[in-house]
Amino acid sequence: MPTVTSGGAKVWLVTGFRDVRAGLSDPRLSRDTRAAAHVIDGGGLDGQALRALPLELADPLLRTESADRLRRLAASVFTPERAERLRPRTAELAGELLTPLRHQRSVDLVAEVARPLPARLVCGLLGLPVEDKILSWTEILLAVHGRAGSSLPRYVAAVADCDLVAALAAAETGADELLNLVAMLVVGGVEIAGSFVANAMSALLESTRQVALARNAPTMVPDLVAELVRGSDPLRVGSFRRTVAPIRLGDKVIPAGELVMLAEGPSDRLDLGTVGHGVQYRVGALLGRVLAETVLERLIGEFPRLRLAVPAGQIPWQFTRLSRAVESLPVEVS
């Protein structure tokens, strides 16, 4: 049976690995939920943010065909080895953001570091000026579209100055497939990776014991990051679809024209989705760990008096359908 939101809207909630997996790849469940934006207001690809994109950008991201092929293409491009090779570039960007903080007494690490760092990294990878105040995935996609026009393959090839983007350029894709891959990099690299960084910083600073451990044994930072993120996973599970024809999921038949939420569980995340949560999460996790490890090592090493400015229970969190992340992280740096 459908559930009813606090605003009185009807939404069918689908749970269970098999039913969710079937729903994510079924063409009878359309990603195009723009007509229901008043119900599912949020920051995901199929939410309110999608309305900021022109049709030629939005429509290819809403199609569900060739899901398996896109998943294979993404797995061949977004590899741990290519993410690791971005560490020197990440360290340089982190240094640019952290250096001005030495002259301040208190700062918001989310606003000053966690959000701009992945945005600057992705902008640089895609040939956009990293000094521009571009922070959202929609702004980055629009900027790439404005520069590339109808020649996205040529544009990506021209800006490919690292292994990851070179692999994007070399992938045997159609124009829509390449756009989907670029969107995976942008959404995962900005939204999910930024959430990884924010959550890891918050989780570390909540424990003076962990801070001391990271400071005394910097080689343990990667293990600490993995543990910290595991305890504050940034993936906000749940993917909305709209039925364009009746569909049976489990023991229920959902009529056409209904809004459906496919609720993914922890074991589903790396297997589900194309441009959806699964691949975005993979890309975000790969880049997020490199970013978080780099930032935390420098923060602990360069700011010996770093501490939370408010009790941990007062740290605000932001929830969208794409992620859950610390919204702001006020700290004392001196």
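Counting of residues starts from 1 at the beginning of each chain's written sequence and follows it residue by residue. Whole-chain, interface and lining totals are the exception, using all residues; otherwise, since this is a predicted model, local features are given only for residues with pLDDT of at least 70 and side-chain atom pairs are given and counted only at 80 or more. Think of the side-chain values as coming from all heavy atoms in the structure, minus any hydrogens and water.

Let's talk about the pattern of salt bridges
Whenever a carboxyl oxygen of Asp or Glu lies within 4 Å of a side-chain nitrogen of Lys or Arg, that contact is scored as a salt bridge. Taken as a whole and assessed by the stated rule, the structure comprises 10 salt bridges. Glu-302 is the salt-bridge partner of Arg-102, the closest N and O atoms lying 2.6 Å from each other. Of this pair, Arg-102 sits in the loop between α5 (87-98) and β4 (106-108) while Glu-302 sits in helix α14 (residues 277-302), placing them 200 residues apart in sequence. One salt bridge connects Glu-332 with Arg-105, and the closest N-O pair in it is separated by 3.9 Å. With Glu-332 in strand β12 (residues 330-332) and Arg-105 in the loop between α5 and β4, this pair connects stretches of sequence that are 227 residues apart. Helix and strand definitions here come from DSSP, where helices need a minimum of 4 consecutive H or I residues and strands a minimum of 2 consecutive E residues; each element is numbered from the N-terminal end.

Examining the environment of Gly-127
By the secondary structure assignment, Gly-127 is in the loop between α7 (116-125) and α8 (137-148). When the C-alpha positions of Gly-127 and Val-159 are compared, they lie 5.4 Å apart, and in sequence the two are 32 residues distant. The residues touching Gly-127, leaving out its near neighbours within four places in the chain, are Arg-147, Tyr-155 and Val-159. Any two residues having at least one pair of non-hydrogen atoms within 4.5 Å are treated as being in contact.

Some details on the packing of α7 against helix α11 (residues 175-205)
Where α7 contacts α11, the two axes come as close as 9 Å, and the packing angle between them is 160°. By the angle class used here, α7 and α11 are roughly antiparallel. As α7 packs across α11, the resulting crossing turns out to be right-handed. Contacts from Pro-118, Ala-119, Val-122 and Leu-125 in α7 reach Leu-185, Val-186, Gly-189, Val-190, Ala-193 and Gly-194 in α11. Residues are sorted three ways: Asp, Glu, Lys and Arg are charged, Ala, Val, Leu, Ile, Met, Phe, Trp, Tyr, Cys and Pro are nonpolar, and all the rest, Gly among them, are polar. Within the contact of α7 with α11, the residues separate by chemical class into eight nonpolar, two polar and no charged. Here the axes come from fitting lines to C-alpha atoms, over the contacting stretch only for helices, and the angles between their N-to-C directions go from 0 to 180 degrees. The cut-offs work like this: below 35 degrees is roughly parallel, past 145 is roughly antiparallel, 65 to 115 is roughly perpendicular, and the gaps in between are oblique. In this scheme the handedness of a crossing depends on how the near helix is turned from the far one: anticlockwise by less than a right angle means left-handed, clockwise means right-handed.

Notes on the side chain of Ser-202
Relative to the helices and strands, Ser-202 is located in helix α11. Throughout, exposure labels follow a simple rule: accessible area from a 1.4 Å probe, protein chains only, divided by the maximum for the residue type, with under 20% read as buried, over 50% as exposed, and the rest as partly exposed. For Ser-202, a relative accessible area of 1% puts it in the buried group. Beyond its immediate sequence surroundings of up to four residues, Ser-202 is in contact with Ile-315, Val-326 and Leu-329.

A short note on the sheet that holds β4
Think of a sheet as strands paired side by side through backbone hydrogen bonds, with each pair either parallel or antiparallel. One bridge is not enough; two strands pair if DSSP finds at least two bridges between them. What the three strands build is an open sheet, ordered β4-β12-β9; its pairing is antiparallel. Two strands in the sheet have a free side with no partner beyond their single neighbour: β4 and β9 (307-308).

Description of helix α10 (residues 163-170)
Each turn of an α-helix holds 3.6 residues, which means side chains three or four residues apart point in the same direction. Along α10, the residues classified as buried are Leu-164, Val-165, Ala-167 and Leu-168. The arc that holds the buried residues of α10, viewed along the axis, is 155°, so those residues lie on one side. Residues of α10 that are buried in the fold lie against α3 (67-77), α4 (80-84), α7, α9 (152-159) and α11. The directions from the helix axis to the C-beta atoms form the arc being described.

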